[in-house]
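Here is what each chain is made of, one letter per residue.
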Amino acid sequence: MAEAARLMLGLLTGLGDGRVDVIQAVGALRSCVRPELADGLVGWVPSLAAHRLSQVPNDHDDESATVPENVQVAVQNLLSGGTQGILDHDELQSLTSVAGPIPSHDQSEWASAVFAPMSMPGQAAGVIIYWRSAQRPPFSTQEADVLLTLTNRCTPLIVATALADHQLFDRDLADSLPEAIIAVDPDFRVLRWNPAAERLYGISAEDAIGNPLATLYFTHYDDPEMHTDRAWEELVRTDHWEGYVTQKSKAGRTVSVFASVTTVRDDLARIVGAVAVNRDTSDIVSARSRVNLAESMLYDVLDAAGSMTVVLDGNGIIVAANREWLDVALATGAPMAVVSVGADYLSPVRAAVAAGDVTAGPALELLESVLSGSRNTGSAEYRCDRPDGPHWYTMDVSRVGPDRAIVVAHREVTDRHRLEVELAHGRTHDLLTDLGNRLWLEERVSRSMAEPSQEGREFGLIVCDVDGFSAINEALGYPSGDKVLRVVADRLRTLCPPTLGIVRLGGDQFAVFADSMWGAVPLVDVAERLRAGVAEPIDIDGRQVVISFSAGVAAAMPKNGDTPAEITSELINRADAARMDAKSQGRNRVRHYRPDLRDQSVSALLMRHDFSDALHAGTLELHYQQIRRLADESVIGYEALIRWPRPNGPLLTPASFAEMLDEPTIAGPLAQWTIKTAVEAVVSLREHFADQSVRVGLNVSARQFLDLDVAGNIQRASRSAGIPSSALVVEVTETATFTDNHRVVDQLNRIHDLGALIALDDFGTGFSSLTHLRALPVDSVKVDKTFTGGVGTDPTSGALVRALIALGHDLGLTVIAEGVETAAQRDWLAEAGCDYYQGFLAHRPARLADELAASGN
């Protein structure tokens, strides 16, 4: 990171002229970060005692601090847990709540802390804890990263000096350090010569160990007042000496070194040896000239730079680059020669342009214009391909004064770019299927209208949907319904020619757009192909789902002045009207648009609106048809039938509006109104008839069972009216009961437990098995009028009705014949053993008031 590198440079510069021991190293680190990043820091390094840490004093005048046991445990727990970075509340508490203050530091001031472990191979970890008081804002993640990086780079120096101070000769640790570690006995014979020493002096450990140090290299002191005897006197007096020296080894190498020498004493304080930590400063010395040249522009660069910064000279040659930019550049696979100091920065940009990278063009143009002096600043966005995928960056280029450096600052904007792409895609695409949506269709129409070749040609559109899709959602659940829609979308992609555009308009409704209605493959043929292909069974969670498609095909030719939105809307309206015509003709078919279908569609929309208004305004009516006993013509009950007195129109029966009755916004409220009105009719009928057993039957569809607690509503309504639930008969069709959704059957059982009767309507037209019928709480069955209409004249109808009557009786049910219109039909049914009948022969449906008046009351 750039900030960490800057701090590290300051730290090394600060150490360049002073002693390098652990106190000085940590003190230099403390000076680097205060007050810019932290109020202070606490450092612990491995001590002589096994598994212990010792605290680094603030300066040489402080006494060596012993870390209390509770503090030791808290720090070791954090280290063993792999903690690093900003401490959360609990972790901070584990340090600040321990008994006994940390010497020289009051934990009560710690409001925010960064925990920075120091670890090296073969050595127990130490730690630096940076802290801030409550008077400053908590550490940010970026600040924590800077401190972690800085600590990591300082670790070898701090740990190495700690080892020297503690007289540690651990071989594995010494071997892992980048500094040359040399241990000698009192006669200066070499005892330890680590690999770094081998590399520094070109002398192997085998050749060095056991030989006097003076035979291995000659030392020249950089300080003109220093010499060997004086250095030895200072070492004996203070147990430490350090300074810059130039050494020439017997291998012929000349190196610049910062040497830090510490004595090793035994229990009687006698010198038994010494340890030298020699850090190669050859690179630092050679780099100082370059640093001095760049120093004048350093602060300008920092002021103008972003998080990743490169400094160029007037020819586009790299003269400086921070670490973060270098890390990103290397992550792209670029060789070091291309991104190091002295390389031509524009060369890889030109190569990217030549390779066809369209994003590199604006970046190259910007760089060349600033370098040429035609402009001073500018920004460009470009893509950079990395192993983990494409990344996006914003490049800000600035000229820092005339004839000075060019600063190129980079900021990664990948997340923003991806979000913009996702938002743009989501604006025009369906989230579930990733097909285009209506806005995408409008844009496709707009592009087609703009093409000169499309002038005078008709656009075509298929609008199609899944027949009975709501039943799939109800039976299998909405997640399974979504899977069906995704499969349908995939099949449409496979079946449609690539020149056509596929969209999802919403729900289970899809559309296919053709910019030429009469292209290579006529659109009607495509619609038929889709209808046939979608009909293949779909495996959803181990269940085979068979669906069918209804489709409408329409065409429209843009006229002068038409907008893409208007043409799109016209195409959808026409094709949708044709789709509705396919539905009305029995589904699973394709229909072409006719002008009269629009009128029918508008009429159906108005009727739906008017019916909803009538339901909520309470202007619907129930008409009642008598049910009579065949044995004596006595009235045993009534069936309540819905009638709609539409304003300025005739009285409508359900045949005119049956499709609306199961719509989600209508089904539940309609069932609730029917129950309430039928209960009120029972009260009136029982008040006017001596026979208190008269019942009223009401029709309930499967959709109404799903949208309303029918059983609960019957119980509440009958209880409120003071009548038994047995005064009601719930009529339900065979098809409604034969469903995987157990809600219908569960409610029928509850209704039966209340005492209400259940009649199976349209008996014989459904698909109930005997086993299914036996499982239902049914009291009676009603033979459909399609069978009773032919008795006495059609032998087949007669045979079917006799079989149905016999089947009903065998099941222990009473049988009611519907649609009886002649005396001959009635007599035949009586002779066949039917129990009850209803139809125009006995009574036409009438309003309750008219029925009561006709009965003489």
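What you see is a predicted model, and the numbers here were worked out from it, not measured in a lab.

So, about the pattern of salt bridges. Under the definition given, this model contains 29 salt bridges. The partner of R189 in a salt bridge is D187, and the shortest N-O contact between them spans 3.4 Å. Residue classification places R189 among the partly exposed positions, given a relative accessible area of 35%. Note that E731 and K782 form a salt bridge whose closest N and O atoms lie 2.9 Å from each other. With a gap of 51 residues between them, E731 in strand β28 (residues 728–733) and K782 in strand β30 (residues 780–783) connect regions that are remote in the sequence.

This part is about the packing of helix α23 (residues 664–688) against helix α25 (residues 710–721). Running from N to C, α23 and α25 cross one another at 30°; their axes reach a closest spacing of 10 Å. Between α23 and α25, the interaxial angle falls into the category roughly parallel. Our pair here, α23 against α25, has a crossing hand that is right-handed. From α23, Q672, I675, V679 and V683 reach across to α25, where they touch V710, N713, I714, A717, S718 and A721. Looking at the contact of α23 with α25, its residues break down into seven nonpolar, three polar and no charged.

What follows deals with the sheet that holds strand β22 (residues 549–556). If you walk across this open sheet you meet the five strands as β18-β19-β17-β22-β23, and the pairing is mixed. Strand pairing shows two members of the sheet lacking a second neighbour, β18 (501–506) and β23 (590–592), which therefore form its edges. Averaged over all adjacent pairs, the angle separating strand axes in this sheet is 20°, with direction ignored. Inspection of the sheet shows β22 paired to β23 by three bridges, in the parallel sense.

With that out of the way, let us pick up the side chain of T674. Relative to the assigned elements, T674 resides in helix α23. When near neighbours in sequence (up to four residues on either side) are disregarded, T674 contacts L622, I642 and L698.

With that out of the way, let us pick up the sheet that holds strand β11 (residues 271–280). In space, the six strands of this open sheet follow the order β7-β6-β11-β10-β9-β8, with antiparallel pairing throughout. Single-partner strands in this sheet number two, and they are β7 (190–193) and β8 (217–221). Taken pair by pair, the neighbouring strands of this sheet meet at an average axis angle of 30°, ignoring direction. Pairing of strand β10 (residues 254–265) with β11 involves nine bridges; the strand directions are antiparallel. In the strand pairing of β11, T263 is matched with A274.

Next up on the list: helix α16 (residues 438–450). Taking 1.5 Å of rise per residue, 13 residues should cover 18 Å, and α16 covers 18 Å from first to last C-alpha, within 8% of that figure. Among the residues of α16, W440, L441, R444, V445 and S448 are the ones counted as buried. Buried residues of α16, viewed axially, fall in a sector of 140°; they line one side. Sitting at the amino-terminal end of α16 is N437, which places a side-chain oxygen 3.1 Å from the backbone nitrogen of L439.

Our next topic: the environment of L439. Locating L439 in the fold gives a position in helix α16. In this structure, the C-alpha to C-alpha distance between L439 and H429, residues ten residues apart in sequence, is 8.1 Å. In this view, L439 contacts R427 and T428; residues no more than four positions away in its chain are not counted.

The next thing to look at is a nonpolar patch on the surface. A contiguous nonpolar patch, built from F188, W232 and V236 and spanning about 250 Å² of accessible area, is present on the exposed surface. Of note, V236 is situated in helix α9 (residues 228–238). The class of V236 is partly exposed, set by a relative accessible area of 33%.

The subject of this paragraph is the pairing of strand β1 (residues 40–46). The element β1 is extensively covered by neighbouring structure, given that seven of its seven residues are classed as buried. Note: β1 against strand β2 (residues 53–55), three bridges, orientation antiparallel. Of the residues in β2, the one forming a bridge with W44 is Q55.

Assignment of secondary structure puts D357 in the loop between α13 (346–354) and α14 (360–372). Discounting chain neighbours no more than four positions away, the residues touching D357 are A352 and R383.

Okay, the confidence of the model for the chain next. Mean pLDDT over the chain: 81, with 84% of residues reaching 70 or higher. Of all the helices and strands in the chain, helix α10 (residues 282–304) carries the lowest mean pLDDT, 58, while strand β32 (residues 836–837) carries the highest, 94. The low-confidence segment residues 99–105, where pLDDT is below 50, has 19 contacts with residues more than four positions distant or belonging to other chains.

Attention now moves to the packing of aromatic side chains. Following the criterion strictly, the structure yields eight aromatic pairs and no others. Between W110 and W131, the ring centres sit 6.2 Å apart and the planes meet at 20°, which makes this aromatic pair stacked. Within this pair, whereas W110 is found in the loop between α4 (89–96) and β4 (112–120), its partner W131 is found in strand β5 (residues 123–132), the two being separated by 21 residues in sequence. Comparing W110 with W131 shows no difference in burial state: the two are buried. Relative to W232, the ring of F188 has its centre 5.3 Å away and its plane inclined at 65°; by these criteria the two rings are edge-to-face. Taken together, the residues F188 in the loop between β6 (180–184) and β7 and W232 in helix α9 connect sequence positions 44 residues apart. Put simply, the rings of W193, Y201 and Y217 pair up and form one aromatic cluster. The aromatic ring of F139 is capped on one face by R132, whose charged end is 4.4 Å from the ring centroid.

Where helix α18 (residues 478–495) meets helix α19 (residues 523–534), the closest approach of the two axes is 10 Å, and the angle between their N-to-C directions is 135°. Between α18 and α19, the angle falls in the class oblique. Helix-helix and strand crossings are classified by hand; for α18 and α19 the assignment is right-handed. For the pair α18 and α19, contact is made by V488, R491, L492 and L495 and by R529, L530, G533 and V534, respectively. Broken down by class, the residue content of the contact of α18 with α19 amounts to five nonpolar, one polar and two charged.

The backbone of F188 shows a phi angle near 65°, a positive value even though the residue is not glycine. You can call F188 partly exposed: its relative accessible area is 34%. For D434, which is not glycine, the phi dihedral falls at a positive 60°. Relative to the assigned elements, D434 resides in the loop between α15 (414–428) and α16. In this structure D434 comes out as partly exposed when scored by relative accessible area, which is 42%.

So, about the nonpolar core. Within the largest apolar cluster, 70 residues are counted, with the highest numbers of intra-cluster contacts made by F705 and I751. With ten residues, α23 is the largest single contributor of residues to this core. Once residues lying within four places of it in the same chain are set aside, the contact partners of I751 are F705, V710, A711, I714, V730, A756 and I758. With 31 residues, the next largest nonpolar core counts M8, Y130, L150 and L157 among its residues.

Attention shifts here to the environment of D344. Within the element layout of this structure, D344 appears in the loop between α12 (336–339) and α13. For the pair D344 and L312, spaced 32 residues apart in the sequence, the C-alpha separation amounts to 8.9 Å. Residues within four places of D344 in sequence aside, it is in contact with G316, I317 and R350. Within the structure, D344 has its side chain in polar contact with the backbone nitrogen of L346 (distance 3.1 Å).

So, on to the state of the cysteines. Here is the idea: a disulfide is a covalent bond, and it sits between the sulfur atoms of two cysteines. Within this structure, the stated rule accounts for zero disulfides. C32 provides the cysteine sulfur closest to C154, a residue in no disulfide bond, and the two sulfurs are 7.3 Å apart. For C154, a relative accessible area of 2% corresponds to the buried category.

About the cut-offs
- What you see as residue numbers is a count from 1 along each chain, following the sequence as written.
- Owing to the predicted nature of the model, reporting of local features is limited to residues with pLDDT of at least 70; listing and counting of side-chain atom pairs is limited to 80 or more, with chain, interface and lining totals taken over all residues.
- The basis for the side-chain values is all heavy atoms of the structure; hydrogens and waters are excluded.
- Salt bridges, as used here, are contacts in which a Lys or Arg side-chain nitrogen is within 4 Å of a carboxyl oxygen on Asp or Glu.
- Only protein chains enter the calculation, and the probe is 1.4 Å; a residue is then buried if its accessible area is under 20% of its type maximum, exposed if over 50%, and partly exposed in between.
- Numbering of helices and strands starts at the N terminus; helices are DSSP runs of H or I of at least 4 residues and strands are runs of E of at least 2.
- Interaxial angles span 0 to 180 degrees and are taken between N-to-C directions of axes, which are lines fitted to C-alpha atoms, for helices over the stretch in contact.
- Roughly parallel here means an angle under 35 degrees, roughly antiparallel means over 145, roughly perpendicular means 65 to 115, and every remaining angle is called oblique.
- We call a crossing left-handed when the near helix sits turned anticlockwise from the far one by less than a right angle, and right-handed when that turn is clockwise.
- We call two residues in contact when some of their heavy atoms are within 4.5 Å.
- Polar here means any residue outside two lists: the nonpolar Ala, Val, Leu, Ile, Met, Phe, Trp, Tyr, Cys and Pro, and the charged Asp, Glu, Lys and Arg; Gly therefore counts as polar.
- In this analysis, strands are considered paired if DSSP registers two or more bridges between them.
- Multiply 1.5 Å by the residue count of a helix minus one, and that product is the helix's expected span.
- In this description, the arc belongs to the directions extending from the helix axis to the C-beta atoms.
- Polar contact criterion, stated in full: a pair of N or O atoms within 3.5 Å, where within protein one must be able to donate a hydrogen and the other to accept it, and residues adjacent in sequence count only if both atoms are side-chain atoms.
- The patches reported here contain residues having more than 30% relative accessible area and no salt bridge. Joining distances are 9 Å for like charges and 5 Å for nonpolar side chains (Val, Leu, Ile, Met, Phe, Trp, Tyr).
- Per-residue and other accessible areas were derived by the Shrake-Rupley procedure at a 1.4 Å probe size, with only the shown protein chains allowed to occlude residues.
- The predictor reports its confidence for every residue as pLDDT, a score running from 0 up to 100.
- The rule is short: rings of Phe, Tyr and Trp, with Trp giving its six-membered ring, pair when the centres are within 6.5 Å, and they are stacked under 30 degrees, edge-to-face over 60, tilted in between.
- Geometrically, a lysine NZ or arginine CZ counts as sitting over a ring once it is within 6 Å of the ring centre and also within 35 degrees of the ring normal.
- Put simply, buried Ala, Val, Leu, Ile, Met, Phe, Trp, Tyr and Cys residues joined by side-chain atoms within 4.5 Å make one nonpolar core.
- In this description, a disulfide is simply a cysteine sulfur pair whose atoms lie within 2.5 Å.

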